[in-house]
Amino acid sequence: MAEEPHALVPVDTSRPPDAYEQHYMAGEGTVLYRHKHRAPWQLHAIFIFSIIAVASAALAAGGLVGGAIGIAVGLPLFGLMWILSSVLRVTVSEGHVNVQYAMFGPKIPIAGIEHAELVQYDWRRFGGWGIKRSLAGEWIYNMPGDGGRAVRIVWRDARGKRHVTHVGSPRADELLQQIRRAQRALPAGARPAALEPGDE
């Protein structure tokens, strides 16, 4: 039996939303699922190595003064990239699946989801981790440490354009469960078929 929208309650209550989530990922209605997938130590090591390499190259190429200027400009940029790339956030609310990696990602309407399934993906097909697009035009948002597990979501936006988005997660089964739970709670008129058709 389908669940009524007003009866939905959050399942993942392990932590309250942080300031970023409150501002940028509030969702619509009740938030059913919330997860922050933090980067493993290997990714942090890559950033540390890159910062050291850039600083050394700047000093070697520009001398003490020029190198110091290069470091002053380059290090804050690397630091910002490091911070933004260290967390993949996903929330599921009654209205949307919200994916954020380095402040980028789709806000997928629950009513626009045609199909969602668990998949085992090969990172080489997408060319690595982060925000990647396959040759088939499918997007992935992933982070090392998810075991190659993702939820593949086929959905349409408000204009009817079709998208395929993979969301990598070590808790992919729970993510899929909450997406389906939100779908079951939709009013009949909000199903994907009710969206206006558009160009493929």
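In this text, all values refer to a predicted model and were calculated from it rather than measured experimentally.

Considerations on the overall build of the chain
- Counting secondary structure elements, the chain contains four helices and nine strands.
- Going from N to C terminus, the chain has its helices and strands arranged as α-β-α-β-β-β-β-α-β-β-β-β-α.
- The buried share among the 200 residues of the chain stands at 42%.
- Sequence separation of at least 24 residues holds for 64% of the intrachain contacts in the chain that already meet a minimum separation of 6.

Considering the sheet that holds strand β4 (residues 107-109)
- One open sheet accounts for four strands, arranged β1-β2-β3-β4; its pairing is antiparallel. The sheet is open, and its two borders are formed by β1 (31-38) and β4, each paired with just one other strand. The sheet shows a mean angle of 10 degrees between the axes of neighbouring strands, direction not considered.

Points about the pattern of salt bridges
- Counting across every chain of the model gives ten salt bridges.
- For Glu114, the salt bridge goes to Arg156, with nearest N and O atoms at 2.4 Å. Remark: Arg156 occurs in strand β8 (residues 149-156) and Glu114 occurs in strand β5 (residues 113-120); sequence separation between them is 42 residues.
- A relative accessible area of 37% means that Glu114 is categorised as partly exposed.
- The residue Asp157 makes a salt bridge to Arg159 at a minimum N-O spacing of 3.9 Å.

A few points about the nonpolar core
- Among the nonpolar cores identified, the biggest contains 26 residues, and Val92, Val97, Ile113, Val151, Ile153, Leu175 and Ile179 are the most heavily contacted of them.
- The set of elements that each furnish at least two residues to this core consists of β1, β2 (87-93), β3 (96-101), β5, β8 and α4 (172-184).
- Among the elements that take part in this core, α4 stands out by supplying five residues, more than any other.
- Residues within four places of Val92 in sequence aside, it is in contact with Thr30, Val31, Leu32, Tyr33, Val97, Ile110, Leu175, Gln178, Ile179 and Ala182.
- Ranked by size, the runner-up nonpolar core spans five residues in total, among them Val119, Tyr121, Phe126 and Ala150.

Some points on the pairing of β1
- Counted residue by residue, β1 has seven buried out of eight residues, so it is predominantly covered.
- Bridge count between β1 and β2: seven bridges; the pairing is antiparallel. Considered in β2, the bridge of Lys36 is made with Arg89.

Quick word on the confidence of the model for the chain
- Considering every residue of the chain, the mean pLDDT works out to 78; 66% of them sit at 70 or more.
- The element-level mean pLDDT for the chain is lowest in helix α2 (residues 41-84), coming to 65, with β8 highest at 97.
- Across residues 1-6, where pLDDT falls below 50, the model places eight contacts with residues more than four positions away in sequence or in other chains.
- Confidence over residues 193-200 falls short of pLDDT 50; this stretch has 16 contacts with residues more than four positions distant or in other chains.

What about the sheet that holds strand β6 (residues 130-133)?
- Sheet architecture is open: five strands sit in the order β5-β8-β9-β7-β6, paired in mixed fashion. Both edges of this open sheet fall to β5 and β6, since each of them pairs with a single strand only. With strand direction ignored, the average angle separating the axes of adjacent strands in the sheet is 20 degrees.
- On top of the sheet, α4 reaches β5, β8 and β9 (162-168); it is set at about 165 degrees to β5, its chief contact.

Overview of the environment of Val154
- You can see Val154 is positioned in strand β8.
- Val154 sits in the buried class, given a relative accessible area of 4%.
- Residues contacting Val154, with those up to four places away along its chain left out, are Gly112, Ile113, Glu114, His115, Arg162, His163 and Val164.

Comments concerning the pairing of β9
- The buried count for β9 comes to five of seven residues, which makes it a mostly enclosed element.
- Two strands pair when backbone bridges link them, and β8 and β9 are joined in this way by seven bridges, in the antiparallel orientation. Bridging across to β9, Arg156 finds its partner in Arg162.

Conventions adopted
Residues numbered from 1 in each chain as written. Predicted model: local features only at pLDDT ≥ 70, side-chain atom pairs only at ≥ 80, totals over all residues. Heavy atoms only, no water. Helix = DSSP H or I, 4+ residues; strand = E, 2+ residues; numbered from the N terminus. Buried < 20%, exposed > 50% of the residue type's maximum accessible area, 1.4 Å probe, protein only. Contact = heavy atoms within 4.5 Å. Pairing = 2+ DSSP bridges. Axes fitted to C-alpha atoms, helices over the stretch in contact; angles between N-to-C directions. Salt bridge = Lys/Arg side-chain N within 4 Å of Asp/Glu carboxyl O. Core = buried A, V, L, I, M, F, W, Y, C linked by side-chain atoms within 4.5 Å. pLDDT = per-residue confidence, 0-100.

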